[in-house]
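As a plain string of letters, each chain reads:
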Amino acid sequence: MPVIFGDRHTCDRCSRKFDWVYFDIIRSKLSSGIFKVEKIPDETKAYRVEALEDGSHRIYINCPFCGADNRFIYNKNSV
């Protein structure tokens, strides 16, 4: 599973830290006959990622502890 990027985030509501990832699923046509099975990452998954004009990304994640919706700007070049 090609992880595009990930990091550690502190929840806005409960202040607990958790790891998160954003990954891309490799897709293939069923008629191709070639299947590649990969393990989905165990970390919390970003359910939405928006690319911004300055090269950063707006990340949408639900906290695995309290379920709060966390939205923040992530710049993978500064990490």
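Please read these numbers as outputs of a predicted model, since none were measured by experiment.

Calculation notes
Residues numbered from 1 in each chain as written. Predicted model: local features only at pLDDT ≥ 70, side-chain atom pairs only at ≥ 80, totals over all residues. Heavy atoms only, no water. Phe/Tyr/Trp six-rings, centres within 6.5 Å; stacked < 30°, edge-to-face > 60°. Helix = DSSP H or I, 4+ residues; strand = E, 2+ residues; numbered from the N terminus. Buried < 20%, exposed > 50% of the residue type's maximum accessible area, 1.4 Å probe, protein only. Lys NZ or Arg CZ within 6 Å of the ring centre and 35° of its normal. Pairing = 2+ DSSP bridges. Salt bridge = Lys/Arg side-chain N within 4 Å of Asp/Glu carboxyl O.

Draft legend 1. Quick look at the packing of aromatic side chains. Within this structure, the stated rule accounts for six aromatic pairs. Plain terms: the ring middles of Tyr47 and Tyr60 are 6.0 Å apart, the flat faces sit at 50 degrees to each other, and that makes the pair tilted. Here Tyr60 lies in strand 5 (residues 57-62) and Tyr47 lies in the loop between strand 3 (44-45) and strand 4 (48-51), a separation of 13 residues in the sequence. Residue class for Tyr60 comes out buried when judged on its relative accessible area of 8%. Cation over ring: Arg16 sits above Phe65, and NZ or CZ is 3.8 Å from the ring centre. Sitting above the plane of the Tyr60 ring, Arg48 keeps its charged end 5.1 Å from the centroid.

Draft legend 2. Broad picture of the sheet that holds strand 1 (residues 3-10). One open sheet holds the three strands; their spatial order is 1-2-3, and the pairing between them is mixed. Sheet topology places strand 1 and strand 3 at the edges, where each strand pairs with a single neighbour. Bridge count between strand 1 and strand 2 (residues 17-23): seven bridges; the pairing is antiparallel. The residue of strand 2 that forms the bridge with Arg8 is Asp19.

Draft legend 3. Structural context of the pattern of salt bridges. Scanning the model with the defined rule gives five salt bridges in all. With a closest N to O distance of 2.6 Å, Glu50 and Arg48 form a salt bridge. Take Arg48: its relative accessible area is 43%, and that puts it in the partly exposed class. With a shortest N-O distance of 3.7 Å, Arg58 and Glu50 are connected by a salt bridge. Overall, the relative accessible area of 32% leaves Arg58 in the partly exposed class. Each of the salt bridges in this network shares a partner with another, and the network as a whole consists of Arg48, Glu50 and Arg58.

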